[in-house]
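Structure at a glance
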Amino acid sequence: MNVLGTLALVFARIGLGAFGGGLATIPFIHYELVVSRAWLSERGFAEVVSLAQMTPGPLAVNAATFVGYRIAGLPGACAATLSVIGAPLLLLVSALFLLSRASGKWRKRVDRVQRALRPAVSGMLFAAFWVVVRPLANDWRLWVMVAGAFLLSRVGFFNRFPQLLLLAAGVAGAMLL
Amino acid sequence: MSLSSIFFLFLRVGAFTFGGGLVMLGFIEKELRSTKRLESEEIADMMVLATAFPGPVAVNMAFLAGKRLAGPAGAACGIVGTAFPPFLTILLLSKVLLQWAHEPWLGAFFLGAAGAVAVIIGRVVYGMTRISCAGGWKDILVFVAVAVLLIATETHPFLALGAGIAFRLLLGEEGQV
């Protein structure tokens, strides 16, 4: 298979397997790009993670553009990005289509599963939150940062423009830490 | 809602957010609320679906919200608005950013920003958990079970979510135990 096809296939798998929200998906992406095939070295992967942190967007999308470009230029970047987004969307679209056709007894079952989904997904999101918080726990200065960010987030101005909260916390970090 | 305002809503989120998909989810929620076109429970249900399906959460959310607001064309606008800024940033800026990646001040900046990221994600999780666990102790039990499975036992997220749904269904509906 040519390079573009391989890129599309691998990133379709990454899109479909990156599950659980945010940083929780990093180990899986690491496995696909570093362990399963040597598209990135350990150092390269660390670079992608910090790049993803510095740039907007979900990590999986950032990684797709970066790796796709590195391996096959602009067409590679397009192929990888499109399939990391497109493959899961295709699944979502077909699932929604099937769900919308459910009626009668099946409608009730679908509704019940959807309600059961809520607490389960919340638990999963809490675990994703934990992944973010755990590394901060070792340094008391970061506790102060978190407390400060929390207080600021209650202020109307930052509440309206949460992006500025990120920026302010970053600047405070650069000056204090 | 007009297609261009949907596009720019998601472009704003796509372009001015770092910190990954879950931070974006929080910002999308805020933006959707301020349009006053959706009930908060409806937004929460979309967030649950977006997280429960594989793929970058922010892209799934853009699809669901865009579709709800303006049909398939709205969904397309939402997706392009979300994914285009990250794509472009990585293509154009990755060389420059990687040169800076080892600067200590940049490290401190992102450490500080991580404090705000924790707060923003924490609020998303808190808001969603409050709505999700409205059904009482059964919901809370499922929430805790899924979170513990993921954090303490490193179960695969798919399995943990499936187990959570099954567990919740097994516990039965309120009032018909």
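Residues numbered from 1 in each chain as written. Chains lettered and ligands numbered in written order. Predicted model: local features only at pLDDT ≥ 70, side-chain atom pairs only at ≥ 80, totals over all residues.

**Considerations on the overall build of chain B**
The helix and strand inventory of chain B stands at 7 helices and 0 strands. Projecting the C-alpha coordinates of chain B onto the three principal axes gives extents of approximately 60 × 45 × 25 Å. Across the 177 residues that make up chain B, the buried fraction comes to 51%. Expressed as a percentage of contacts within chain B between residues at least 6 apart in sequence, the contacts between residues at least 24 apart total 54%. (Helix = DSSP H or I, 4+ residues; strand = E, 2+ residues; numbered from the N terminus. Buried ≥ 20, exposed ≤ 12 C-beta atoms within 10 Å, placed from the backbone. Contact = placed C-beta atoms within 7 Å.)

**Focus: the overall build of chain A**
Along the backbone of chain A there are 8 helices and 0 strands. Starting at the N terminus and ending at the C terminus, chain A contains elements arranged as α-α-α-α-α-α-α-α. Against the 2.2 N^0.38 benchmark of 16 Å for 177 residues, chain A shows a C-alpha radius of gyration of 20 Å, more extended than a compact globule. Judged by the C-alpha coordinates and their principal axes, chain A covers about 50 × 50 × 30 Å. Taking all 177 residues of chain A together, the buried fraction comes to 46%. In chain A, the proportion of contacts linking residues at least 24 apart, taken out of those at least 6 apart, comes to 53%. (Rg over C-alpha atoms; globule rule 2.2 N^0.38 Å.)

**Quick notes on the packing of helix α5 (residues 105-133) of chain A against helix α3 (residues 40-52) of chain B**
Two measures define how a pair of helices packs: the angle their axes make with one another and the distance between the axes. At their nearest, the axes of α5(A) and α3(B) sit 10 Å apart, and the two run at 65° to each other. Considering only the axes of α5(A) and α3(B), their crossing is left-handed. Packed against α5(A), whose contacting residues are Leu117(A), Arg118(A), Val121(A), Met124(A) and Leu125(A), the element α3(B) presents Val48(B), Thr51(B) and Ala52(B) at the interface. Along the lines of polarity and charge, the residues of the contact of α5(A) with α3(B) split into 6 nonpolar, 1 polar and 1 charged. (Axes fitted to C-alpha atoms, helices over the stretch in contact; angles between N-to-C directions. Left-handed = near helix turned anticlockwise from the far one by under 90°. Nonpolar A, V, L, I, M, F, W, Y, C, P; charged D, E, K, R; others polar.)

**Some thoughts on the domain arrangement of chain A**
Domain annotation of chain A identifies domain 1 (3-101) and domain 2 (139-176). Put simply, the middle of domain 1 of chain A and the middle of domain 2 of chain A, counted by C-alpha atoms, are 30 Å apart. (Domains from an automatic or database assignment.)

**A look at the environment of Leu9(B)**
By the secondary structure assignment, Leu9(B) is in helix α1 (residues 3-15). Remark: the alpha-carbon pair of Leu9(B) and Cys77(B), spanning 68 residues in sequence, is separated by 9.6 Å.

**Description of the interface of chain A and chain B**
Taken together, the contact pairs 71 residues of chain A with 76 residues of chain B. Counting residues per element, the ones that place at least two in the side of chain A that touches chain B are α1 (3-17), α3 (42-54), α4 (59-101), α5, α6 (140-154) and α8 (162-176) of chain A. With 19 residues, α5(A) is the single largest residue contributor to the side of chain A that touches chain B. A breakdown of the residues in the side of chain A that touches chain B according to their chemical character gives 50 nonpolar, 18 polar and 3 charged.

**Brief notes about the packing of α3(A) against α4(A)**
Residue and element names in this part refer to chain A. Where α3 meets α4, the axes come as close as 9 Å, and the angle between the chain directions of the two elements is 120°. Here α3 is positioned oblique relative to α4, judged by the angle of their axes. Relative to α4, the crossing made by α3 is right-handed. Of α4, the residues touching α3 (which contributes Val48, Leu51 and Ala52) are Leu59, Asn62, Ala63 and Phe66. Residues belonging to the contact of α3 with α4 are distributed by class as follows: 6 nonpolar, 1 polar and no charged. (Parallel < 35°, antiparallel > 145°, perpendicular 65-115°, else oblique.)

**Comments concerning unusual backbone geometry**
Phi angles above zero are rare outside glycine, and Lys36(B) is one such case at about 60°. The residue Lys36(B) is located in the loop between α2 (21-35) and α3 in this model.

**Some thoughts on the confidence of the model for chain B**
Caution is warranted with low-pLDDT regions, since their predicted coordinates should not be read in detail. Of all residues in chain B, 98% have pLDDT values of 70 or greater, and the mean over the chain is 88. Scoring the predicted complex yields pTM 0.88 and, for the interface, ipTM 0.87. (pLDDT = per-residue confidence, 0-100.)

**Some points on helix α7 (residues 157-171) of chain B**
For α7(B), spanning 15 residues, the distance from its first C-alpha to its last is 21 Å, which sits close to the expected 21 Å at 1.5 Å a residue. Regarding α7(B), the residues found buried are Pro157(B), Ala160(B), Leu161(B), Gly164(B), Ile165(B) and Arg168(B). Across the axial projection of α7(B), the buried residues extend over an arc of 135°, all falling on one side. Away from its buried face by more than 90 degrees, α7(B) exposes Phe158(B), Leu159(B) and Leu170(B). The elements touched by buried residues of α7(B) are α5 of chain A together with α3 and α6 (137-153) of chain B. Following α7(B) by one or two positions, Gly172(B) has its phi on the positive side, about 85°. (Expected span 1.5 Å × (residues − 1). Arc of directions from axis to C-beta.)

**As for the nonpolar core**
If you look at soluble globular proteins, the nonpolar side chains tend to sit buried side by side. One finds Ala63(A), Met124(A), Met61(B), Val117(B), Ile121(B) and Val146(B) to be the most contacted residues of the largest nonpolar core, which totals 114 residues. Two domains each provide a minimum of three residues to this core, namely domain 1 (3-101) and domain 2 (139-176) of chain A. If we skip the residues at most four places from it in the chain, Ala63(A) touches Ile29(A), Leu33(A), Val48(A) and Ala52(A). (Core = buried A, V, L, I, M, F, W, Y, C linked by C-beta atoms within 7 Å.)

**Here's the deal with the environment of Met54(A)**
Inspection of the secondary structure assignment puts Met54(A) in helix α3. Taking the number of C-beta atoms within 10 Å as the measure of exposure, Met54(A) has 21 and is therefore buried. Sequence separation of Met54(A) and Ala172(A) is 118 residues, and the distance between their C-alpha atoms is 16 Å. Other than its neighbours up to four places away in sequence, Met54(A) contacts Phe18(B) and Leu97(B).

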